[in-house]
Amino acid sequence: MADLIDRRPTELRVSKDRKTLTISFVQDGTFDLTAEALRVLSPSAEVQGHSAEQRVTVPGKRDVQIAGIDPVGNYAVKITFDDGHDTGIFTWTYLHELGSDLTKHWTGYLQELEDKGMTRDRPDLPR
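Residues numbered from 1 in each chain as written. Predicted model: local features only at pLDDT ≥ 70, side-chain atom pairs only at ≥ 80, totals over all residues. Heavy atoms only, no water.

A. Representation of the pattern of salt bridges within the structure. Summed over the entire model, instances satisfying the criterion amount to eight salt bridges. Between E36 and R120 there is a salt bridge, and its shortest N-O distance comes to 2.6 Å. You can see E36 sitting in helix α2 (residues 35-40) and its partner R120 sitting in the segment after α5 (102-115), a full 84 residues away along the chain. Residue R120 is classed as partly exposed on the basis of its relative accessible area, which comes to 22%. In this structure, the salt-bridge partner of R55 is E112, at a minimum N-O distance of 3.8 Å. A residue pair is termed long-range when its members are at least 10 positions apart, and R55 in the loop between α3 (45-48) and β4 (66-72) and E112 in helix α5 qualify at 57 residues. Looking at E112, the relative accessible area reads 24%, which means it is partly exposed. Overlapping salt bridges, with partners in common, bring together R39, K61 and D83 in one network. (Salt bridge = Lys/Arg side-chain N within 4 Å of Asp/Glu carboxyl O. Helix = DSSP H or I, 4+ residues; strand = E, 2+ residues; numbered from the N terminus. Buried < 20%, exposed > 50% of the residue type's maximum accessible area, 1.4 Å probe, protein only.)

Here is the structure:
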């Protein structure tokens, strides 16, 4: 329970162009997470699957925007994207993990795209 309280953000702010979520934490500072990163790294079953083998690589989301953010209890938010994706529940812990280790997550995503012959610009069917 202490981890949940420690990870509760003090601020969530969507940029005017709807392409960045800024999230601030008391102990760890502020992180800027792009809409694209949030969309392709969504914790939803649609993206993550129910196992590592079911994970889907989502291409063509370079220009995706955040359409809305809704609270989920005291532990998370549901982010709706302008492409209609709205099933991921982003817990404070997951948002903190993304912000703290975005380079690792983003590099892994870019490698998946390359390995599958996909791009950030073409919305090929996910594989």
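B. Looking closely at α5. Over its 14 residues, α5 extends 20 Å from the first C-alpha to the last, a length consistent with the 20 Å expected when each residue adds 1.5 Å. Among the residues of α5, H105, W106, Y109 and L113 are the ones counted as buried. Taken end-on, α5 shows its buried residues confined to a sector of 95 degrees, consistent with a single buried face. Seen from the open side of α5, the exposed residues pointing more than 90 degrees away from its buried face are T103, K104, E114 and D115. Here the buried face of α5 lies against α2 and α4 (92-100). (Expected span 1.5 Å × (residues − 1). Arc of directions from axis to C-beta. Contact = heavy atoms within 4.5 Å.)

C. Main features of the sheet that holds strand β2 (residues 20-25). Taken together, the three strands give an open sheet; going across it, the order is β1-β2-β3, and neighbouring strands pair in antiparallel fashion. Two strands lie at the open edges of the sheet, namely β1 (11-14) and β3 (29-34), each paired on one side alone. Neighbour-to-neighbour, the strand axes of this sheet turn through a mean angle of 15 degrees, independent of strand direction. In the sheet, β1 pairs with β2 via four bridges, with the strands oriented antiparallel. Its bridge partner lying in β2, E11 is registered against S24. Of the strands in this sheet, β1, β2 and β3 touch α4, which is tilted by about 85 degrees from β3. (Pairing = 2+ DSSP bridges. Axes fitted to C-alpha atoms, helices over the stretch in contact; angles between N-to-C directions.)

D. Up close: the nonpolar core. Among the nonpolar cores identified, the biggest contains 27 residues, and L38, L41, I66, I79, F81, F90 and L95 are the most heavily contacted of them. Those elements that place two or more of their residues in this core are β2, β3, α2, β5 (76-81), α4 and α5. The residues contacting F81, other than those within four sequence positions of it, are A35, L38, R39, V64, Q65, I66, A67 and F90. (Core = buried A, V, L, I, M, F, W, Y, C linked by side-chain atoms within 4.5 Å.)

E. Region of the structure containing the packing of aromatic side chains. By the definition in use, this model includes three aromatic pairs. With 5.2 Å between their ring centres and 40 degrees between their planes, W106 and Y109 make a pair best called tilted. On the criterion of helical spacing, the pair formed by W106 and Y109 is a turn pair, its members being three residues apart in helix α5. Take W106 and Y109: they sit in the same class, and that class is buried. (Phe/Tyr/Trp six-rings, centres within 6.5 Å; stacked < 30°, edge-to-face > 60°.)

By themselves, these figures tell us nothing about what the structure is for.
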